[in-house]
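Understanding the architecture of this molecule
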Amino acid sequence: PGYSASMEPAIQNLSDGRIFCLLRTMTGSIYYSVSGDSGETWSGPDALCYAPGGAEVHHPNSPCPLFRLEDGRYLLFYHNNDGTANEGTGPGDVRSRGPVFVSVGREIDNPGGQPVAFSDPKPFYDNGGKSGLALYGSFFEHESVRYWWYPDAMRFLLGKVVTDELLNDPGVPS
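Cut-offs and rules
Residues numbered from 1 in each chain as written. Predicted model: local features only at pLDDT ≥ 70, side-chain atom pairs only at ≥ 80, totals over all residues. Heavy atoms only, no water. Phe/Tyr/Trp six-rings, centres within 6.5 Å; stacked < 30°, edge-to-face > 60°. Helix = DSSP H or I, 4+ residues; strand = E, 2+ residues; numbered from the N terminus. Buried < 20%, exposed > 50% of the residue type's maximum accessible area, 1.4 Å probe, protein only. Lys NZ or Arg CZ within 6 Å of the ring centre and 35° of its normal. Core = buried A, V, L, I, M, F, W, Y, C linked by side-chain atoms within 4.5 Å. Contact = heavy atoms within 4.5 Å. Salt bridge = Lys/Arg side-chain N within 4 Å of Asp/Glu carboxyl O. Polar contact = N/O pair within 3.5 Å; in protein donor to acceptor, adjacent residues only side chain to side chain.

**Some points on the packing of aromatic side chains**
Within the structure shown, the criterion is met by eight aromatic pairs. Plain terms: the ring middles of Phe 67 and Phe 77 are 6.1 Å apart, the flat faces sit at 70 degrees to each other, and that makes the pair edge-to-face. Linking Phe 67 in strand β5 (residues 66-68) with Phe 77 in strand β6 (residues 74-78), this pair joins segments that are 10 residues apart in sequence. Each member of the pair Phe 67 and Phe 77 is classed as buried. Arranged with centres 4.5 Å apart and planes meeting at 55 degrees, the rings of Tyr 125 and Tyr 150 form a pair that is tilted. With a gap of 25 residues between them, Tyr 125 in strand β9 (residues 122-125) and Tyr 150 in strand β11 (residues 145-152) connect regions that are remote in the sequence. Accessibility assignment for this pair places Tyr 125 and Tyr 150 in one class, buried. Through pairs of rings, three or more aromatic residues link up here, namely Phe 67, Phe 77, Phe 124, Phe 139 and Trp 148. Over the face of the ring belonging to Phe 124 we find Lys 160, whose NZ or CZ atom lies 5.2 Å from the ring centre.

Set out below in structure tokens:
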């Protein structure tokens, strides 16, 4: 509202060679764009939905990291609110940067549209409102174990194992 902002892209390669990009915005939702020519041109940005034609993935103006798992699924970390959680007044209010949720994504056949569908949000981490930095983290897999490392209140680096139970995503199209 009042100005345009899309920043801190989260970029992943799709299995067909296209590039999928998520963007944090001031709209209260994550936006996405797709490139089919190695990033030379991009589709017009559009609101990310859990599935094409479904509900938008709400998120305040905060990073929205996306990671590809070894098995081809994707993990999206986000706040699951439009900026009004925790007494926030809109997407730019840092009070709405918590808790952290995760959704599991799978590539879908949707030519010209959103190429990944996501599961319903699952709670992942709640810092009790201490800091809005949890999404400035990193993710990796090692020997079939998945790890998320993130800063907590600018003083500590914390690690969390992303469990198989958390990734159970029976409702996501395959």
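That was the structure; now back to the text.
**Here's the deal with unusual backbone geometry**
Across residues other than glycine, the phi torsion is negative in most instances, and most of the peptide bonds are trans. Residue Pro 99 is bonded to the preceding Gly 98 through a cis peptide linkage, with omega at -15 degrees. Its location among the elements puts Pro 99 in the loop between β6 and β7 (100-107). Positive phi values are uncommon outside glycine, yet Asn 86 reaches one of about 55 degrees.

**Topic: the nonpolar core**
Counting 18 residues, the largest nonpolar core has Phe 20, Leu 22, Ile 30, Leu 48, Leu 66, Leu 76 and Phe 118 as its most contacted members. Breaking this core down by element, the ones donating at least two residues are β2 (19-25), β3 (31-35), β6 and β8 (116-118). Contact partners of Leu 76, with chain neighbours within four places excluded, come to Leu 22, Ile 30, Leu 48, Val 57, Cys 64, Pro 65, Leu 66, Phe 101, Val 102, Ser 103 and Phe 118. Counting residues in each nonpolar core, the second largest holds 17 residues, with Leu 75, Val 102, Ala 134 and Tyr 150 among its members.

**A closer look at the pattern of salt bridges**
With the rule as written, the count across this model stands at five salt bridges. Glu 8 is paired through a salt bridge with Arg 24; the nearest N and O atoms lie 2.6 Å apart. One end of the pair, Glu 8, is in strand β1 (residues 6-13); the other, Arg 24, is in strand β2, with 16 residues separating them in the sequence. A relative accessible area of 33% places Glu 8 in the partly exposed class. Note that Arg 95 and Asp 93 form a salt bridge whose closest N and O atoms lie 2.6 Å from each other. Relative accessible area serves as the criterion here: at 42%, Arg 95 is assigned to the partly exposed category.

**Remarks on the side chain of Asp 93**
Position of Asp 93 among the secondary structure elements: in the loop between β6 and β7. With a relative accessible area of 13%, Asp 93 lands in the buried category. A polar atom in the side chain of Asp 93 sits 3.0 Å from the backbone nitrogen of Thr 89. If near-sequence neighbours (up to four positions away) are discounted, Asp 93 is found in contact with Gly 83, Glu 87 and Gly 88.

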